[in-house]
Amino acid sequence: MPKRGFHRARIIDTLWRNPLPTYHYRCKNCGYDFTEQQSFTDDPITVCPKCSQEQVHKVYSAVPIEFKGHGFYRTDKSSK
Ligand SMILES: [Zn+2]
């Protein structure tokens, strides 16, 4: 039983229940780190909820690329 595959299954399950993508932001001013669920059409957050400075930048989009293909099954065999 591949543990990695099971972990992926949990992420996919979360995506099904929460169709909105989660974005990861970080404030350059105070270092505050947070995630926000937004639709693709929402404007990205620019103002820090903690220090109110316009220093927030997006770290990454949390939707896994591998979700589209079968690549994550292959990594289990090749990681020997
Ligand atoms: Zn801040």
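This text follows the structure it describes.
Residues numbered from 1 in each chain as written. Predicted model: local features only at pLDDT ≥ 70, side-chain atom pairs only at ≥ 80, totals over all residues.

Enquirer: Pulling in residues and values, what's your account of the overall build of the protein?
Expert: Check the secondary structure of the protein and you find 2 helices and 3 strands. Per-residue burial over the protein gives 4% buried out of 80 residues. Long-range pairs, those at least 24 residues apart, make up 46% of the contacts in the protein between residues at least 6 apart in sequence. (Helix = DSSP H or I, 4+ residues; strand = E, 2+ residues; numbered from the N terminus. Buried ≥ 20, exposed ≤ 12 C-beta atoms within 10 Å, placed from the backbone. Contact = placed C-beta atoms within 7 Å.)

Enquirer: I'd love a proper account of the environment of Cys30, names of residues and values included.
Expert: Following the sequence through the fold, Cys30 ends up in the loop between strand E1 (22–27) and strand E2 (33–37). Looking at Cys30, the number of C-beta atoms within 10 Å reads 14, which means it is partly exposed. Here Cys30 is in contact with Cys48, Lys50 and Cys51, once residues within four sequence places are set aside.

Enquirer: Residue-level account of the pairing of E2, with values.
Expert: Of all 5 residues making up E2, only 0 are buried, and the element is barely covered by its neighbours. The pairing of E1 with E2 spans 5 bridges and is classified as antiparallel. Looking at the pairing, His24 lines up with Thr35 of E2. Where E1 folds back onto E2 in an antiparallel hairpin, the turn is made up of 5 residues, including Gly31, whose phi is positive at roughly 80 degrees. (Pairing = 2+ DSSP bridges.)

Enquirer: Account for unusual backbone geometry, with residues named and values stated.
Expert: Phi at Ser52 is positive, roughly 65 degrees, even though this residue is not glycine. By the secondary structure assignment, Ser52 is in the loop between E2 and strand E3 (56–61). Classification of Ser52 by C-beta neighbours within 10 Å gives exposed; the count is 11.

Enquirer: Can you tell me about the environment of Val56, naming the residues and giving the values?
Expert: You can see Val56 is positioned in strand E3. Along the chain, Val56 and Asp33 lie 23 residues apart, while their C-alpha atoms are 9.2 Å from each other. Beyond its immediate stretch of four places on either side in the chain, Val56 contacts Tyr25, Cys27, Ile45, Thr46, Val47 and Cys48.

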